[in-house]
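Observations on the model geometry
The residues making up each chain are set out below.
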Amino acid sequence: MELHVLPPDVASRIAAGAVVERPASVVKELVENSLDARASKIDIECRRGGIDLICVADNGSGIPASQVELAFQRYATSKIGSIDDLVNVQSLGFRGEALPSIAAVADVEVSTRTAGEELGSYVYLHGGTVAQSEGRPRASGTTIAVRRLFRHFPARLKFLRSEGTENSHSALVVSQYALAFPLVSFSLLLEGRLALRSPGSGEARDVVAQLYGSELARAMVPLELSADSLVITGLVAPASLSRAGRGHQSTFVNHRWVHSPLLQRAIDEAYRGLLPEGRHAIAVLDIQLPADRVDVNVHPSKAQVKFADEQSMFRYVRAAVSAALGKTRIASEAQHLAAPGAAVGQTAWSVSEPEPLLSPFGTPSLAPTTGSASLPPLRILGQVLTTYIVAEGPDGMYVIDQHAAHERVVYERLLEQRGAHSPEVQGLLEPLTIELSPTEDAVLSGLADALATLGFALEPFGERTLLLRSIPASLADSDAAATLRGILQDLSQGVQGDTFERLAVSVACHAAVRGGQQLTPEEMRQLVRQLEECAQPRTCPHGRPTIVHFSVGQLEKLFGRRA
Ligand code: ADP
Ligand code: MG
């Protein structure tokens, strides 16, 4: 093809792709605009995962009638005027790209009125151009309705996940902005159901209560540090209330929701030694600093920022979180003192990295890759590093990863449940009440059937609250609520392929014994026997090996007995 400049409609659709990746990106851009317009109330609605409708209504400043159509032109913004303004930008938006990008991939309706105008205006855009424009009454503020998103973009539509998953992404966006702007009252309707309402009380703790439940909200400790024209505020949970993923860590810079590995590391450092391996802190942090000390223009959806002085940022955040955690330790000790009989203080965990077991031996084989998958008979010798089972077989030595092996065993049992009439369950003596975040709730709604097939008996119990009456038998000894949350976290990115299988992988992972857990000789024997009975005993459901084999020949070579 000869070199040519793309026609404007093609170019604008390509540019739109960078801004509007999925329904949640539209929600994010519209909510940011409402916040920039200083709204104190923002109501969001999504239908069919946002494909049929995304509607954001605010009571902000409104757009003057003369400028509504202009707002849909590329690089039209009221927020900056020159490149110098960019250094000082206070608003969430500044590129003037969102509205034209959204209009390039969907039909858009705007109704808006500023406080100074008598009559509001209504504009309908179809295929990126204005199809209707007229005066219409409206209370001051702006409503933008986005319909038929990606209708003419089959490639984009194909990449979207289930409606439940798309909704969970939108719920996450709204949850985060609700946390960052506690003075603003947000509501979110998903498929006609109220998924979230924040009170706009100004207290982040009230928003946390809505998102994660009142119990967690009460347990969180405030944090505040100001130094060097930097103000860090937020809430952190005591280490005893950790989560399996980072889903409950929210970081904001000048109220902008950002993904920052630097801030994550600073939080991790403050919790170092307090959390078991694989667990993450629950934290909400807002960092306020002069706009010229952070570059917000380094990422297409502005989800990342660059700090002018990363090292001191890291140190301040770590110090702020550590100081708050110091308080939680004192608080929890005080609680123990107050409760007679509860003498156990908070135990600090020390997490030591296991030494790499295999490196000194060269490369052992991951057990024969050809031939039958079944295992040879094994004689168990013991456990090393409380993680691996060492055994002798007909051709040398075998090392089994206890977690991976158990995962395989549980996974295959769960798959058998699928054909069974009634799953093997463990009833709970007292049903557990579980409060879900809007994100978790949206993920759960897509998994309800598969969860039931596996043996989770869940009943609705008020808004975003569930009663858990039974769990799969293989989970019997676990903390059921934590496990269910962990599973929702694992599946929060949507499911590719078979939902039931993917869920079974996640359940197996949570049910399986962990590395670091001491096993009795009998437990080891049982585990190895169960592994021998598996159809695919050599890999865990994630595809990692369960067993590593050092043949007689390899051992002889390693010790120089044989060339
Ligand atoms: P940006 O936010 O980067 O300026 P957008 O394309 O998102 O670009 O919006 C373009 C302009 O439309 C904004 O600068 C603002 O003037 C106006 N606008 C958009 N949404 C709203 C709203 N909800 N309330 C008031 N003004 C709005
Ligand atoms: Mg914007």
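Going by the structure above, here's the rest.
Here's a quick rundown of the structure. (Residues numbered from 1 in each chain as written. Chains lettered and ligands numbered in written order. Predicted model: local features only at pLDDT ≥ 70, side-chain atom pairs only at ≥ 80, totals over all residues. Heavy atoms only, no water.)

We now examine the site of ligand 1. Taken together, 21 residues are adjacent to ligand 1, and Asn33, Thr77, Ser78, Lys79 and Gly96 come closest. Asp58 places a polar side-chain atom, nitrogen or oxygen, 2.9 Å from a nitrogen atom of ligand 1. No other element matches the 3 residues that helix α4 (residues 98-105) contributes to the shell around ligand 1. Taken together, the residues of the shell around ligand 1 sort by class into 8 nonpolar, 9 polar and 4 charged. (Near = heavy atom within 4 Å. Polar contact = N/O pair within 3.5 Å; in protein donor to acceptor, adjacent residues only side chain to side chain. Helix = DSSP H or I, 4+ residues; strand = E, 2+ residues; numbered from the N terminus. Nonpolar A, V, L, I, M, F, W, Y, C, P; charged D, E, K, R; others polar.)

This brings us to the packing of helix α2 (residues 23-36) against α4. Relative to each other, α2 and α4 sit at 145°, their axes nearing to 10 Å. Of the two elements, α2 crosses α4, and the hand of that crossing is left-handed. Across the interface between the two elements, Val26, Glu29, Leu30 and Asn33 of α2 pack against Ala98, Leu99 and Ile102 of α4. Each residue belonging to the contact of α2 with α4 can be placed in one class, and the counts come to 5 nonpolar, 1 polar and 1 charged. (Axes fitted to C-alpha atoms, helices over the stretch in contact; angles between N-to-C directions. Left-handed = near helix turned anticlockwise from the far one by under 90°. Contact = heavy atoms within 4.5 Å.)

Turning next to the nonpolar core. Grouped together as the largest cluster of nonpolar side chains are 64 residues, with contacts concentrated most on Leu30, Leu35, Ile44, Ile54, Val108, Val146 and Phe186. In contact with Phe186, not counting residues within four places along its chain, are Val31, Leu35, Ile42, Ile44, Val174, Tyr177, Ala178, Phe181, Leu196, Arg197 and Ser198. The next biggest cluster of nonpolar side chains, apart from the first, holds 35 residues, and it includes Ala281, Leu285, Val296 and Ala324. (Core = buried A, V, L, I, M, F, W, Y, C linked by side-chain atoms within 4.5 Å. Buried < 20%, exposed > 50% of the residue type's maximum accessible area, 1.4 Å probe, protein only.)

Take the sheet that holds strand β17 (residues 388-393) next. Spatially, 4 strands are ordered β16-β17-β18-β22 in an open sheet, and the strand pairing comes out antiparallel. Both edges of this open sheet fall to β16 (379-384) and β22 (547-550), since each of them pairs with a single strand only. Strand-to-strand twist across the sheet, computed as the mean angle between neighbouring axes with direction ignored, equals 25°. One ladder, built from 5 bridges, connects β16 with β17; its direction is antiparallel. Within β17, the position partnered with Val384 by the bridge is Tyr388. (Pairing = 2+ DSSP bridges.)

Glancing now at a nonpolar patch on the surface. On the surface, Leu6, Val10 and Ile14 cluster together into a nonpolar patch covering about 240 Å² of accessible area. Considering the arrangement of structural elements, one finds Leu6 in the segment before α1 (8-19). (Patch = residues over 30% accessible without salt bridge, like charges linked within 9 Å, V, L, I, M, F, W, Y side chains within 5 Å. Areas by Shrake-Rupley, 256 points an atom, 1.4 Å probe, with all protein chains shown as cover. Salt bridge = Lys/Arg side-chain N within 4 Å of Asp/Glu carboxyl O.)

To continue, consider helix α6 (residues 163-180). With 18 residues, α6 should reach 26 Å at 1.5 Å per residue; the first-to-last C-alpha distance of 26 Å fits that figure. Taking burial as the measure, the 18 residues of α6 include 16 buried ones, the bulk of the element. (Expected span 1.5 Å × (residues − 1).)

What follows covers unusual backbone geometry. Backbone geometry at Arg38 places phi at a positive 60°, although glycine is not the residue there. Positionally, Arg38 belongs in the loop between α2 and β1 (41-47).

That is the geometry; function is a separate question.
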